[in-house]
Amino acid sequence: MSNHIENGQVRVLGIDLGKSVFQLHGVDARGKSVLKQRLKRDKLLEFMAQLPPCLVGMEASSGAHHWARKFQGYGHETRLMAPQYVKPYVKRHKNDSVDAEAICEAVQRPNMRFVGIKSVAQQEILSLHRIRSLAVKNRTALVNQIRGLLAEYGIVFPKSIKQARRAIVLILSDESSEMSANFRVILEDERDELAHLDERIGKYEREIEALAKAEPQCRLLMTIPGVGPITATALLASVGDVRAFKNGRELSAWIGLVPNQHSTGGKAWLTGISKRGNGYLRTLLIHGARAALRVCENKPDRRSQWAVSVSERRGANRAVVALANRMARSAWAMLVKQEAYGASAAV
């Protein structure tokens with residue numbers, strides 16, 4: 001180990017993560033470069049264990065949360081940053097050494113926005129969500145394939161998974177159809193695959209519901225109209241410490257539900273939502289808002305009447321997004337104040 005490390009001169013360390021090779025760039029208290037080193041994967045933890053505690057910066061890429069937890073265990077202050085916030089600090093052509101230097105520079109900026117480090121429990125919940133999401137996509141693709149194949153035989157049914165299940169049963173039981181025996185075998189295989197995906201998705205959803213019932217924070221979030229177990233667990237696992245956001249608007253902006261802003265010369269123009277941040281959460285909140293909007297007309301509370309007025313003035317789609325934005329802000333207020341929905345004026 002070099003004298004710079006032994007003397008504790010490395011105060012800030014930037015690490016460019018890779019699959020098998022990692023590039024390190026360290027500076028001292030005055031910002032002078034004192035370390036440039038390339039390490040293989042199996043040597044990184046040994047190196048960090050011997051390094052005196054310092055500020056460590058990394059991009060929030062694959063495996064970053066795992067390394068961050070390990071480094072924190074060695075006493076290092078570890079911070080993760082979105083790659084797009086690091087890119088402006090790259091001075092020359094892209095390579096690992098330049099990237100590590102840019103990370104080291106970016107992590108020291110006082111106004112830098114950092115990504116919360118997820119715990120193992122949070123990552124397990126999000127893994128369950130990702131597996132379920134993939135199964136849902138595969139089921140949708142399978143139903144679309146079945147509809148396309150049957151259309152070649154002049155058989156058409158509505159775009160609905162429920163309708164697909166019914167149609168397949170009726171088609172296979174219809175002996176008068178011009179389908180061959182070989183195609184019937186193919187359709188039976190597709191039916192069995194659809195049933196298998198239904199079973200998998202149902203299993204994942206039951207696990208998510210059990211997690212939501214066992215977590216008080218999730219039960220709190222589910223008091224918001226339009227928020228169910230899937231949205232509540234995904235929101236809680238993705239956000240982590242909600243106090244990392246100064247207010248509800250910051251959380252909503254992080255999800256990508258606030259308008260894009262183009263301002264110059266003191267004039268501001270607001271366009272559609274930014275769609276930056278967490279696309280999965282944004283999708284769940286918008287679907288939940290759409291379901292909530294359907295019953296708003298029958299509710300006398302101020303929020304429901306506001307949603308109905310937005311729908312009448314700007315259309316249903318804009319009202320859905322506006323309601324999803326408000327749901328995200330409500331979630332922030334409720335988690336910070338630990339109050340149920342409707343108990344706080346902020347919601």
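Residues numbered from 1 in each chain as written. Predicted model: local features only at pLDDT ≥ 70, side-chain atom pairs only at ≥ 80, totals over all residues. Heavy atoms only, no water.

In the nomenclature of an unreviewed UniProt entry, the protein chain is known as Putative transposase IS116/IS110/IS902 family protein of Magnetofaba australis IT-1.

On to the pairing of strand 4 (residues 55–59), then. Consecutive side chains of a regular strand alternate in pointing toward one face of the sheet and then the other. Taken across its five residues, strand 4 has four buried, putting it largely inside the fold. Sheet analysis places strand 1 (residues 12–16) next to strand 4, joined by four bridges and oriented parallel. Residue pairing across strands places Ile15 opposite Met58, the latter belonging to strand 4. Where strand 4 and strand 5 (residues 77–81) come together, five bridges link them in parallel fashion. Paired with Leu55 across the strands is Glu77, a residue of strand 5. The parallel pair strand 4 and strand 5, bridged by helix 3 (residues 64–73), forms a crossover whose chirality is right-handed. (Buried < 20%, exposed > 50% of the residue type's maximum accessible area, 1.4 Å probe, protein only. Helix = DSSP H or I, 4+ residues; strand = E, 2+ residues; numbered from the N terminus. Pairing = 2+ DSSP bridges. Right-handed = clockwise from strand over helix to strand, strands pointing away.)

Under the counting rule described, the total for this entry stands at zero disulfides. Free cysteine Cys104: the closest other cysteine sulfur is in Cys54, separated by 9.1 Å. Relative accessible area serves as the criterion here: at 1%, Cys104 is assigned to the buried category. (Disulfide = S-S within 2.5 Å.)

This part is about the side chain of His65. Mapped onto the secondary structure, His65 falls in helix 3. Not counting residues within four places of it along the chain, the set of residues in contact with His65 comprises Leu80, Val115, Gly116, Ile117, Lys118 and Gln123. (Contact = heavy atoms within 4.5 Å.)

Read across the open sheet, the six strands follow the order 3-2-1-4-5-6; overall the sheet is mixed. Two strands bound the open sheet, and with one partner strand each, they are strand 3 (33–40) and strand 6 (114–115). Two elements, strand 2 (residues 21–27) and strand 3, share seven bridges in a ladder whose sense is antiparallel. Paired with His25 across the strands is Lys36, a residue of strand 3. Helix 2 (residues 41–50) rests against strand 1, strand 2, strand 3 and strand 4 of the sheet, and its axis sits at about 140° to strand 3. (Axes fitted to C-alpha atoms, helices over the stretch in contact; angles between N-to-C directions.)

To continue, consider the packing of helix 11 (residues 248–255) against helix 14 (residues 316–337). One can describe the packing of helix 11 onto helix 14 by two numbers: an axis separation of 8 Å at closest approach and a directional angle of 130°. On the basis of their axis angle, the class for helix 11 and helix 14 is oblique. Note that helix 11 runs across helix 14; the crossing there is right-handed. Where helix 11 approaches helix 14, its residues Gly248, Arg249, Leu251, Ser252 and Ile255 are matched on the opposing element by Asn325, Ala328, Arg329 and Trp332. Among the residues forming the contact of helix 11 with helix 14, the class breakdown is four nonpolar, three polar and two charged. (Parallel < 35°, antiparallel > 145°, perpendicular 65-115°, else oblique. Left-handed = near helix turned anticlockwise from the far one by under 90°. Nonpolar A, V, L, I, M, F, W, Y, C, P; charged D, E, K, R; others polar.)

It is worth spelling out the environment of Arg147 at this point. Tracing the backbone shows Arg147 in helix 6 (residues 120–151). Put simply, Arg147 and Ala167 are 20 residues apart on the chain and 9.8 Å apart in space, counted from C-alpha to C-alpha. Excluding anything up to four places from it in sequence, Arg147 contacts Val156, Phe157, Pro158 and Lys159.

Another point: helix 14. An ideal rise of 1.5 Å per residue puts 32 Å on 22 residues; helix 14 measures up with 31 Å between its terminal C-alpha atoms. Backbone geometry just after helix 14 places Gln338 at a positive phi near 55°. (Expected span 1.5 Å × (residues − 1).)

Now for the domain arrangement of the protein chain. Domain boundaries in the protein chain define domain 1 (12–115), domain 2 (120–214) and domain 3 (223–263 + 273–337). Placing a centre on the C-alpha atoms of domain 1 and another on those of domain 2 gives a separation of 44 Å. (Domains from an automatic or database assignment.)

Where a protein is soluble and globular, its nonpolar side chains tend to be buried together. Residues Leu221 and Ile255 are the most contacted members of the largest nonpolar core, which totals 45 residues. For this core, the secondary-structure elements that each account for two or more residues are helix 6, helix 8 (181–214), helix 9 (216–221), helix 10 (229–239), helix 11, helix 12 (279–293), helix 13 (302–314) and helix 14. Inspection of this core shows a minimum of three residues originating in each of domain 2 (120–214) and domain 3 (223–263 + 273–337). Apart from the residues lying within four places of it in its own chain, the contact partners of Leu221 are Val227, Ala232, Leu235, Leu236, Ala331, Met334 and Leu335. In terms of nonpolar packing, the next biggest core, distinct from the first, is built from 21 residues, Leu17, Leu44, Ala64 and Phe71 among them. (Core = buried A, V, L, I, M, F, W, Y, C linked by side-chain atoms within 4.5 Å.)

With that settled, consider the packing of aromatic side chains. A ring pair, where both rings are aromatic, is described by two values, the distance of the centres and the angle of the planes. For the structure on display, the rule yields four aromatic pairs. With a centroid separation of 5.3 Å and 75° between ring planes, the pair formed by Phe22 and Trp67 is classed as edge-to-face. Linking Phe22 in strand 2 with Trp67 in helix 3, this pair joins segments that are 45 residues apart in sequence. Residue Trp67 is classed as buried on the basis of its relative accessible area, which comes to 5%. The rings of Phe22, Trp67 and Phe71 are connected pair by pair, giving a single aromatic cluster. (Phe/Tyr/Trp six-rings, centres within 6.5 Å; stacked < 30°, edge-to-face > 60°.)

Moving on: the packing of helix 10 against helix 12. Where helix 10 meets helix 12, the axes come as close as 10 Å, and the angle between the chain directions of the two elements is 150°. If you check the angle between helix 10 and helix 12, you find them roughly antiparallel. Seen from above, helix 10 lies across helix 12 with left-handed handedness. Residues Ile230, Thr231, Ala234, Leu235 and Ser238 of helix 10 form the contact with helix 12, whose participating residues are Tyr280, Leu281, Leu284 and Leu285. Taken together, the residues of the contact of helix 10 with helix 12 sort by class into seven nonpolar, two polar and no charged.

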